[in-house]
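Per-entry structural report
So you can see what is in the structure, the chains are spelled out below.
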Amino acid sequence: MLEGKKFFIHTFGCQMNLNDSEHVASLLSKSGASRTDSPENSDIILINTCAVREKSVEKLFSYLGRLKDQKLNKGSVLVCLGCVAQLYREKLLSKFPYLDLVVGPAKYQELPFLLSRPCLEPAVLSHWEKKWVELPISPEVRESQVSAYITIMEGCNNFCTFCVVPFTRGREKYRPLRAIIEEARQLAEAGYLEVQLLGQNVNSYLDPESGADLTVLLEKISDIEQIKWIRFLTSHPKNFSLEMARTMASLKKVCHQLHLPVQSGSNRLLASMNRNYSIEDYLQKIGWLKSLMPAISLSTDIIVGFPGETDDDFGQTMRLIEQVKYTNIFSFRYSPRPLTRAARLKDDVPEEVKIERLIRLQRRQKEIQLELNNKMIGQKQKVLGLGCSKKGNLFTGRNEGYQVVNFSSSQPVKPGLVEVKITGAGAYSLRGEVST
Ligand code: SAH
Ligand code: SF4
Ligand code: F3S
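According to the stated counting rule, one finds 22 salt bridges in the structure shown. Across the pair aspartate 20 and arginine 169 runs a salt bridge whose closest N-O atoms are separated by 2.9 Å. With a gap of 149 residues between them, aspartate 20 in helix H1 (residues 15–30) and arginine 169 in helix H6 (residues 165–169) connect regions that are remote in the sequence. Across the pair, arginine 169 and aspartate 20 agree in class, each one buried. As a salt-bridge pair, lysine 107 and glutamate 129 come within 2.8 Å of each other at their nearest N and O atoms. Here lysine 107, found in the loop between strand E5 (101–103) and helix H5 (111–116), pairs with glutamate 129, found in the loop between strand E6 (123–125) and strand E7 (147–151); they are 22 residues apart in sequence, far enough to count as distant. On the basis of relative accessible area, glutamate 129 is assigned to the partly exposed category, the value being 25%. Within the structure, one salt-bridge network assembled from shared partners comprises Glu22, Glu134, Arg142, Arg175 and Glu183.

Another point: the packing of helix H8 (residues 214–222) against helix H9 (residues 242–250). Taken N-terminus to C-terminus, the directions of H8 and H9 make an angle of 10°; their axes are 10 Å apart at the nearest point. With respect to H9, the element H8 is oriented roughly parallel. Between H8 and H9, the residues in contact are Leu214, Thr215 and Leu218 and Glu243, Met244 and Thr247, respectively. Tallied by class, residues from the contact of H8 with H9 come to 3 nonpolar, 2 polar and 1 charged.

Tallied over the entire structure, the rule returns 2 cavities of 30 Å³ or more. In this structure, the largest cavity occupies an estimated 260 Å³ of space. Along the walls of the largest cavity sit 19 residues, with Asp20, Trp132, Val133, Leu135 and Glu154 positioned nearest its centre. At the level of elements, H1 and E7 are the ones that each hand at least two residues to the lining of the largest cavity.

To continue, consider the domain arrangement of the protein chain. Looking at the assigned domains, one finds that the protein chain contains domain 1 (6–125), domain 2 (139–373) and domain 3 (380–434). The centre of domain 2, based on its C-alpha atoms, is set 25 Å off from the matching centre of domain 3. Of the roughly 1,600 Å² buried where domain 2 meets domain 3, counting both sides, 61% is carbon and sulfur surface. Together, Val146, Trp229 and Asn373 form the three largest contributors to the area buried by domain 2 at its contact with domain 3, with a combined 37%. On the surface where domain 2 and domain 3 come into contact, there are 1 salt bridge. Note that arginine 398 and glutamate 194 form a salt bridge whose closest N and O atoms lie 3.1 Å from each other. Linking domain 2 to domain 3 there are 10 residue pairs in polar contact (both at pLDDT 80 or more). Breaking the side of domain 2 that touches domain 3 down by element, the ones donating at least two residues are strand E10 (194–198), strand E11 (229–233) and helix H13 (351–374). Per-element tally for the side of domain 2 that touches domain 3: the top contributor is H13, with 4 residues. When grouped by side-chain class, the residues that make up the side of domain 2 that touches domain 3 number 6 nonpolar, 10 polar and 4 charged.

Counting through the fold element by element, arginine 337 comes out in the loop between strand E14 (328–333) and H13. Although buried, arginine 337 forms no salt bridge, and the nearest oppositely charged side chain, glutamate 54, lies 4.6 Å from it. Those residues within four positions of arginine 337 in sequence are excluded, and the remaining contacts are Ala51, Val52, Arg53, Glu54, Val57, Tyr88, Phe162, Val164 and Ala343.

So, about the site of ligand 1. Of all residues adjacent to ligand 1, which total 14 residues, the nearest are Arg53, Gln200, Gln263, Asp301 and Ser335. In the environment of ligand 1, an oxygen atom lies 2.7 Å from a nitrogen or oxygen atom belonging to the side chain of glutamine 263. In the environment of ligand 1, an oxygen atom lies 2.6 Å from a nitrogen or oxygen atom belonging to the side chain of aspartate 301. Protein contact buries 89% of the 540 Å² of open area that ligand 1 shows by itself. Of all the secondary structure elements, the ones that give two or more residues to the shell around ligand 1 are strand E13 (297–304) and E14. Tallied by class, the residues present in the shell around ligand 1 amount to 6 nonpolar, 4 polar and 4 charged.

What follows concerns unusual backbone geometry. At the junction of leucine 233 and threonine 234, the peptide bond is cis and its omega measures out at 10° in the coordinates. Relative to the helices and strands, threonine 234 is located in the loop between E11 and H9. A positive phi angle is found at phenylalanine 159, which is not glycine, with a value near 50°. Residue tyrosine 402 is not a glycine yet carries a positive backbone phi of 70°. Tracing the sequence through the fold places tyrosine 402 in the loop between strand E16 (395–399) and strand E17 (404–408). Judged by relative accessible area, which is 29%, tyrosine 402 ranks as partly exposed.

Moving on: the environment of cysteine 14. Take cysteine 14: it is sitting in the loop between strand E1 (6–11) and H1. Under the relative-accessibility criterion, cysteine 14 is labelled partly exposed at 37%. Along the chain, cysteine 14 and valine 52 lie 38 residues apart, while their C-alpha atoms are 9.5 Å from each other.

Cut-offs applied
- Starting afresh in each chain, residues are numbered from 1 along the sequence in its written order.
- The lettering of chains begins at A and the numbering of ligands begins at 1, in the order of writing.
- Where totals are concerned, whole chains, interfaces and linings use all residues; where local detail is concerned, this predicted model gives features only for residues with pLDDT of at least 70, and gives and counts side-chain atom pairs only at 80 or more.
- As a convention, hydrogens and water are excluded, and side-chain values are obtained from all of the structure's heavy atoms.
- Whenever a carboxyl oxygen of Asp or Glu lies within 4 Å of a side-chain nitrogen of Lys or Arg, that contact is scored as a salt bridge.
- Numbering of helices and strands starts at the N terminus; helices are DSSP runs of H or I of at least 4 residues and strands are runs of E of at least 2.
- Per-residue accessibility, obtained with a 1.4 Å probe over protein chains only, is compared with the maximum for each type, and a residue is labelled buried under 20%, exposed over 50%, and partly exposed between these values.
- Each axis is a line fitted through C-alpha atoms, and for a helix only the stretch in contact is used; angles between axes span 0 to 180 degrees, taken between their N-to-C directions.
- By definition in this entry, angles of less than 35 degrees are roughly parallel, angles greater than 145 are roughly antiparallel, angles of 65 to 115 are roughly perpendicular, and the rest are oblique.
- Residue contacts are defined here by distance: any two heavy atoms, one from each residue, within 4.5 Å place the two residues in contact.
- As a working rule, the residues Ala, Val, Leu, Ile, Met, Phe, Trp, Tyr, Cys and Pro are called nonpolar, Asp, Glu, Lys and Arg charged, and the rest polar, with Gly in that last group.
- Any residue with an atom within 4 Å of a point lines the site, the site being either a cavity, points on a 1 Å grid over the protein atoms alone where a 1.4 Å probe fits but cannot get out, or a pocket, an open set with protein on both sides within 12 Å along at least 5 of 7 lines.
- Grid points are joined across faces, edges and corners, and a volume is the space filled by probe spheres set on the points.
- Where a domain begins and ends is set by an automatic assignment or by a domain database.
- By convention, the term buried area covers the 1.4 Å-probe accessible surface removed from two parts as they join, with the contributions of both added.
- Pairs of N or O atoms are called polar contacts if they sit within 3.5 Å, as long as, within protein, a hydrogen donor faces a hydrogen acceptor (for residues adjacent in sequence, only side-chain-to-side-chain pairs).
- For the purpose of charge, His is not counted, nor are the chain termini; Lys and Arg are scored as positive and Asp and Glu as negative.
- For this description, a residue counts as near a given molecule or strand if any of its non-hydrogen atoms is within 4 Å of it.
- Note that accessible areas follow from Shrake-Rupley with a 1.4 Å probe, and for residues the cover is restricted to the protein chains shown.

Here it is, written out as C-alpha cells:
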C-alpha cells in the first residue's frame, strides 16, 4: 500500500511513546514504506508527542513550527501522534493548519490505510478503544538488538490531581498474558537478553483472561531461558505490595532496580495530589525492598512547587532524599495541565521559588549519587553492552541498577552481557574496563 514511500518518526516523551513508535514503524514497514533518519528526504513525517508538562508541549509546538517550510516546500505528509494528539485533537489542526493527520494512541492501526488514501483530507482520529489492540513489532524496527520494551498495560485510573495522562491514555486496559509471553519468546529467539515491561501503572496488571497478576507474569517470563534481565515500570507506590517485593527478590532474572515515584515528601501535598499513600507507607515499602534486596537501585519522580507547597513541605522532600538515597531522581517544576483537578488550584508558588527548589534538590541529589557511585569503584558488575558503538575509546552499557557504564575493552565488544570492573565514578555514570 505504501510501496516506495519513505517515513521519518520523531519521538518525544516516555518509554511507552518509544515503544509505540516502534509499533508504528513496524506497521508502515509492513505496508511497504521504508524508514529514513531525517525529515528532509521523507514523504511522511510522524511526530509522536508528550503532553505531560507544559514544557513538553512548548517543545513540540516549536518543532512543528520548524517543520512548516519543509512541509510547504516538499509536500510531505505531516502526522501528529501520541498524547498531544489525543488531548488537543481538532485544536491542533486549527493551530497548525499544515498538519495532515492527528491520530491518538488507540488508532495507530488505521495509519497504513489513512496514509495510502489517494486524496488526503485533514483528519483527526481520537476515539478510545476499550479492548486491547494487538500491534506486532518486527525485530528490525527495534531501537536495540539486546534490550526490548514490551507494553503490558495502558492507561491509568489513578487521577493524580496534577496529571494529564488519564486524559491522554484513557482508563487502564491490560494486554492478554499469552500475547505478552509470545512476544517475549519471539524476542528471546531473536537474541534479546533484557525485556522492560511497560505501563502507566504496571502493578495493577491483571490478565483479562485468567486474572493472573504481575508476579505471575514475571514468573512466566523468567522461565524463558534466553532472557537474562527483566525490568518493569512504572510502579505506583499504593499498588506495590510486599508480595511483589518478595517476587522481585526471589526471581533471579528480575533486576534489583525499581522506579517508585514519590512526587513529594509531605503528607499534606500527597493528599492534595490524590496519591493515596502517606510518606510513612512509602518508606515502609522502601524498607521491605532494602531488607530483601540490600543492593537495590531505587529511582523516583519528584514535583517541586505544587500548589500550596511551603518551605516546610519542600524541606520534607529534601529529608526524604537523604533517607532513601536514590540512585537517580527525575525532578520537575509543577505546571498546570488541562482537565486536571490541580489546574483549578491557584498555581501559587512563584516561578523563581520553583526554580530555586529544583536547583537545591538536584544539587543535593547529585552529591548523593556521587557518594553512592564512588562506593562502587573496584566492584565487578554485569553490564549489558548496548549497541556497542564506541564513543571515543569507550563502549557503553547499563548495569543491573540501570546506571550508565562506559567501559574500555582490549577486544571488540558485541552487544550483550559483559563483566566490567568499575574503575571510576561520576554522578551520572560509571567508568570501567572489561575484566578478563
Ligand atoms: N505513570 C507514571 C508516569 C507519569 S508522568 C507515574 O505514575 O509515575 C511522569 C512524571 O511526570 C510524574 O511522575 C510526575 O513526577 C511528572 N509530572 C506529571 N504531571 C506533571 C505536572 N503537571 N507538572 C510537573 N510534573 C508532572
Ligand atoms: Fe499520572 Fe498518577 Fe496515573 Fe502516574 S499514576 S499516570 S502520575 S495519574
Ligand atoms: Fe508523555 Fe504520554 Fe508518556 S503524556 S509521559 S508520552 S504517556
